[in-house]
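Inside the fold
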Amino acid sequence: MTSQEKKKFGNVMIIGLGMIGGSFAKALKERDLATLYAVDRREGELALGVSTGVIDYPAEISAEFVSKMDVIVLATPVRAMESVLTDLKPFISERTLVTDVGSTKGSVIEAVRRVFGHVPANFIPGHPIAGAEKSGVLASNPLLFEKHMAIVTPLADSNPVLLDRLHRLWRAVGADVVSMDVDHHDHVLASSSHLPHLLAYTLVDALANGERSQDIFKFAAGGFRDFTRIASSDPVMWRDVFMANKEATLATLDHFTDRLADMRAAIEQGDGASMFGVFTRAKSARDHFLRLLEQRTIGSTKEVRPVSVSVLPASAIKGDISLLGDKSLSHKAITIAALSEGVSEIKNVDLTGDVRITMQAFRDMGVVIEEASADHLRVHGVGLRGLKAPIAPINVHQSRESLYLLLPVLAGQSFSVSVVAEEKLLNQSMGDLFSLVRKMGGGVVSEMTDCLPVDLLPGEPSNVSVDLKIGSERLRMSAFLAALYSPVEGSVMTLSTGLSHCEVLLRHFGVTILGHADGFSVVPAPLVGTDIVLSGDEYEAAWLVLLASLLPGSELLIENAGLDSVSFAFLSFLKSIGADISIPEQGEFGLYEGRLQAGFAELNSFSLLPEQSYQFRNELPLLCVAAAYAKGESCIQGVGSLPYYCEDRVLALVDALEHMKIVCAYENGDLLIKGGLPLGGELDCAGDDKLALAMLALGARSQLLTKVNDCQKLLEEFNELESVTMQLGFHCSVAQ
């Protein structure tokens, strides 16, 4: 036998060699971490424990054995704890760690106090969140605790050295260890474990004693089996649990009974929306639980497969097409509909990619969102302040669009909430957005200044007056949402007073927005649910128009354009340099909506002033492509004064132009491009979807095939790329 000095945890005694105690013993023994002793009133279990290799030696509660133990684990039924502790009391040394595995902690602490008159510093309760329906030492499983939680519930005067040993002991058998207050533990377990067992036992008993019991069990399917599985657990143990954790169980049961009564009323009254709301929130909560479970069991790594898109020269764009709704508009429409009063029907909505992050966040907060079809949502709005506190932090993952929409909305609610993110959104300064949220009157708490994760705390609402120093469309929408929560009139001052989709969408939902010389005023009033059909994606429309302008023989008609002031100005500029474009008329709410037509035309060189470069900063890659095919030399001024990400995108395209033998020069922040015929070749868009589209346009009439790498983001943002280009006859292929 290995000497005790080589055993990390020394001598460990298990009192109660059932499934939990046996699994713990076997886990330690197989890892050679301790010498295992066991006590059990059933001598047969002890004999089986030795013969099956679960323990090393049988033992008894006596000075001979107890005095030499380093750890004693009480794995007896909860109601037997007091008796066992009474037997142990004369022999326990202060250096011995004594712990338990019971699923209630308050009753164990009470038993300890009755026996000792106080809670000794070496008694530290614990509870592994693991188990099975089987019982007895033969059910021992050394992997039972792997990737499961083990809760340690120390008291204020618990011995810190022994507490650390208990943490290490549970970690050694594969558990994820957390500390928790005794009372909090009992209420949490009453909800997560005790109540489900009570419901399962009661349901099976009720059905078994009903008139149709034979047919019920005969025809019950997997759902019944899965829900009632835990009714096969040890009845004696669960009787003891409910008697020991009476108060917490009754409180949880009363809360559940109230919700069950609400559901009964909804069924009786035919209230489908209420039922759907409960089902939606429940699905969201369970999905959250499954995500946590998956992270604990297999981690969160995912495979990323590289994607490239190739373009053959000598294409043409021909045909009529309706584009799927603008992704940014889809985010915004879902947000505004969720905050409206009444039902909204949103059609031509893009439900791909991170739009579902925004949608899921509102579902997590009680908004019923029905998916009537692949591009049609029915949103049951709850009003500006009608959201419910989510059960977990709101996770925007890597979606900047979701973050900018959700943060001001959450700051306007009456509950506290945490917002978390992943990868690229972590540790990035969000100073402008956080500053905006602070103006709403609540608390904004983050570990790193103005970085995620963040806690939002409700406060006294303040009148919102925002002076936007940058032209960000996302921040503009955030400002309008914040202004909706002003007690009196909110105001948003903008760099550009031209119309954007922000104001148009809000007006669709009944918001009064007054324009003035330097911005807008928002009159506080409830949002009203409405029906809306979203227009096609503006950047995709601009890209297709540019392709049609560059490719001889092209005739393009986009049926559902919806151009704001910037898109209108951009297409008007293309017309001014020779493009053959027919722009739709201005509609009721100020957008240029309807049929957008374009065909081939020879483009002329141009000069873009710095203020125009800033206005078209998102479209500049497309204008660089237009300059590459135009007659003469074009000059784009003020590139060096653009936001860094816009400048970087332009300079990346300049590298692509030079790679394809187009003559360029970038000096003092100005860009010169001499028109010619691109050679073709292999390019890398560095995961930038707008840059990828510009590179594809650059290769549209090149001399050789053009291949653009790292296009995963492009296909996420423009998921219809293949179907749209195929429909219009543009020779574009995707490869992984």
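Residues numbered from 1 in each chain as written. Predicted model: local features only at pLDDT ≥ 70, side-chain atom pairs only at ≥ 80, totals over all residues. Heavy atoms only, no water.

Moving on to the packing of aromatic side chains. What the rule picks out here adds up to 13 aromatic pairs. For the ring pair Trp 543 and Phe 718, a centre distance of 6.0 Å and an interplane angle of 90° mean the geometry is edge-to-face. Within this pair, whereas Trp 543 is found in helix H19 (residues 538–550), its partner Phe 718 is found in the loop between helix H25 (712–717) and helix H26 (721–728), the two being separated by 175 residues in sequence. With respect to class, Trp 543 is no different from Phe 718; both count as buried. On the basis of an interplanar angle of 85° and a centroid distance of 5.4 Å, the ring pair of Tyr 644 and Tyr 645 is categorised as edge-to-face. Put simply, the rings of Phe 570, Phe 573, Phe 606 and Phe 616 touch in pairs and so form one group of aromatic residues. (Phe/Tyr/Trp six-rings, centres within 6.5 Å; stacked < 30°, edge-to-face > 60°. Helix = DSSP H or I, 4+ residues; strand = E, 2+ residues; numbered from the N terminus. Buried < 20%, exposed > 50% of the residue type's maximum accessible area, 1.4 Å probe, protein only.)

Moving on, we come to the pattern of salt bridges. Applying the stated criterion across every chain, the model contains 23 salt bridges. The closest approach of N and O atoms between Asp 56 and Lys 29, which form a salt bridge, is 3.4 Å. Of this pair, Asp 56 sits in the loop between helix H2 (43–51) and strand S3 (57–58) while Lys 29 sits in helix H1 (residues 19–30), and the two are 27 residues apart along the sequence. When its relative accessible area of 27% is taken as the criterion, Lys 29 is described as partly exposed. Between Asp 688 and Arg 649 there is a salt bridge; the shortest N-O distance is 2.9 Å. With Asp 688 in the loop between strand S30 (681–684) and helix H24 (689–698) and Arg 649 in helix H23 (residues 644–659), the pair connects residues that are 39 residues apart, well separated along the chain. Exposure remark for Arg 649: the relative accessible area of 14% places this residue in the buried category. Taken together, the shared-partner salt bridges in this structure form one network comprising Arg 79, Arg 239 and Asp 240. (Salt bridge = Lys/Arg side-chain N within 4 Å of Asp/Glu carboxyl O.)

To continue, consider H1. Spanning 12 residues, H1 covers 16 Å between terminal C-alpha atoms, matching the ideal 16 Å at 1.5 Å per step. Among the residues making up H1, those that are buried are Met 19, Ile 20, Gly 21, Gly 22, Ser 23, Phe 24, Ala 25, Lys 26, Ala 27 and Leu 28. Buried residues belonging to H1 abut strand S1 (11–15), strand S2 (35–39), strand S4 (71–74), strand S6 (126–128) and helix H6 (160–172). Directly beyond the C-terminal end of H1, a positive phi value near 55° is found at Asp 32. (Expected span 1.5 Å × (residues − 1). Contact = heavy atoms within 4.5 Å.)

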